[in-house]
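Fold and geometry: a report
One-letter residues, chain by chain:
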Amino acid sequence: MALVTTKKMFEDAYKGGYAVGAFNVNNMEIIQGIVGAAKKLNAPVILQCSKGARDYAGLTYLVKLVEAATADTDVPIALHLDHGPDFETCKQCIDGGFTSVMIDGSSLPYEENIALTKKVVEYAHAHGCVVEGELGTLAGVEDDVVVESGNESYTKPEQVEDFVKRTGVDSLAIAIGTSHGAFKFKPGQKPQLRFDILEEVSKRLPGFPIVLHGASSVMPEYVKMINEFGGNMPDAIGIPEDMLRQAASMAVCKINVDSDLRLALTATIRKHFAENPAHFDPRQYLKPARQAIQDVVEHKMVEVLGCNGKA
Ligand code: G3H
Ligand code: 13P
Ligand code: ZN
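What counts, and at which threshold
Residues numbered from 1 in each chain as written. Chains lettered and ligands numbered in written order. Predicted model: local features only at pLDDT ≥ 70, side-chain atom pairs only at ≥ 80, totals over all residues. Heavy atoms only, no water. pLDDT = per-residue confidence, 0-100. Helix = DSSP H or I, 4+ residues; strand = E, 2+ residues; numbered from the N terminus. Core = buried A, V, L, I, M, F, W, Y, C linked by side-chain atoms within 4.5 Å. Buried < 20%, exposed > 50% of the residue type's maximum accessible area, 1.4 Å probe, protein only. Contact = heavy atoms within 4.5 Å. Salt bridge = Lys/Arg side-chain N within 4 Å of Asp/Glu carboxyl O. Donors = N, O, S within 2.8 Å, 3.2 Å for Na, K, Ca; no water. Phe/Tyr/Trp six-rings, centres within 6.5 Å; stacked < 30°, edge-to-face > 60°. Lys NZ or Arg CZ within 6 Å of the ring centre and 35° of its normal.

1. Observations regarding the confidence of the model for the protein chain
Averaged over all residues, the pLDDT of the protein chain equals 95, while 96% of them reach at least 70. Taken element by element, the predicted model of the protein chain shows its lowest mean pLDDT in strand S7 (residues 145-147) (63) and its highest in strand S1 (residues 20-24) (99).

2. What about the nonpolar core?
Core analysis: the biggest nonpolar cluster contains 104 residues, and Ile 34, Leu 172, Leu 198, Ile 210 and Met 301 have the highest contact counts within it. The dominant element in this core, judged by the number of residues it contributes, is helix H12 (residues 282-305), at 9 residues. Discounting chain neighbours no more than four positions away, the residues touching Leu 198 are Ile 174, Ile 176, Ile 210, Ala 247, Met 250, Ala 251 and Val 252.

3. Things to note about the pattern of salt bridges
Once their charged atoms are close, side chains differing in charge can pair, the charge on each being opposite to the other. Following the criterion strictly, the structure yields 18 salt bridges and no others. For Lys 8, the salt bridge is made with Asp 12, and the minimal N-O distance between the two is 2.7 Å. Residue Lys 8 and its partner Asp 12 are located together in helix H1 (residues 7-16), separated by 4 residues, close to a single helical turn. By relative accessible area, which is 54% here, Lys 8 ends up exposed.

4. Observations regarding the coordination of the zinc ion (ligand 3)
Bound to the zinc ion (ligand 3) on the protein side are His 83 (NE2), His 180 (NE2) and His 213 (ND1), at distances that span 2.1 Å. Between the donor residues of the zinc ion (ligand 3), the gaps in sequence give the motif H-x96-H-x32-H. Note that His 180 is positioned in strand S9 (residues 179-180) and His 213 in the loop between strand S10 (210-212) and helix H9 (220-228), a separation of 33 residues in sequence. Each member of the pair, His 180 as well as His 213, is classed as buried.

5. Points about the packing of aromatic side chains
All told, the structure shown has 3 aromatic pairs when counted by the stated rule. On the basis of an interplanar angle of 80 degrees and a centroid distance of 5.8 Å, the ring pair of Phe 87 and Tyr 123 is categorised as edge-to-face. Of this pair, Phe 87 sits in helix H5 (residues 87-95) while Tyr 123 sits in helix H6 (residues 110-126), and the two are 36 residues apart along the sequence. Overall, Tyr 123 belongs to the buried group, its relative accessible area being 19%. A ring pair is formed by Phe 273 and Tyr 285, whose centres lie 4.8 Å apart and whose planes are at 50 degrees; its orientation type is tilted. With a gap of 12 residues between them, Phe 273 in helix H11 (residues 259-275) and Tyr 285 in helix H12 connect regions that are remote in the sequence. In this structure Phe 273 comes out as partly exposed when scored by relative accessible area, which is 30%. Residue placement shows Lys 119 over the ring face of Phe 87; its charged tip is 4.4 Å from the ring centre.

Given below as structure tokens:
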């Protein structure tokens, strides 16, 4: 099946009270693991590429790998630009075959965010592509940008109608307390999401798809495995899965996960080498790593997103 946009995915997800997973991809094994889960569970899925992914693998490799995945299955797959920093990057991805782009103007003054987002929307819509915008700033590390915990800012619900109306975006990422990376909360801090903001946003934008970034749970079993097999990760706290489930049952239609994939991949490779110190064929350790990606994505689809069987 050819790549699709997220339009119908989100309409169905909103009505059905579930969310579609958006997973970050950097190489073939990650793509195969994610799509393996989507195929097995008959789930729609979004594969997203960050700046880091494009710098690492190259845009053409990523697009071709994702195209190979679509040739191999009938589940709907969208190819999305994660945190597009400027118009040129968005244009390059739209021209290169992406079906969805994010323009991340969240760190700009409000009017500048509107002007940039509107420009991307005009180009994207003219080329059959959908656009995600963002209002509010998450804490954490994303690409080269570090926002210290305490310097994040929640989305202001009173801005959302104006922003969506004036930009024409198809979905909106909001900041309600999630954050990027594996270290989302300070030690001792209790994870909390501002469901009151989500509620208020969805009242002001009935039926409109909301996106949550920074939504890894930082799965403790993989942090434990990393440390058991030679790693030295400090305590890491993620977003509790029951909170994500609750968000998915509300207006949140897209939930972004990257860090949990990284942890599973790294933990599995560490374990593999601890148990097989003489191995040096990459296929020997990448095969279980790819399976670990699939396991994590299946877990998210069934236990967190509720998108299994919805393709
Ligand atoms: O939101 C950020 C994603 O986790 C991507 O991170 O730029 O290191 O690939 P990256
Ligand atoms: P995590 O770091 O929580 O996995 O978030 C990823 C993300 O939001 C990508 O845009
Ligand atoms: Zn993000």
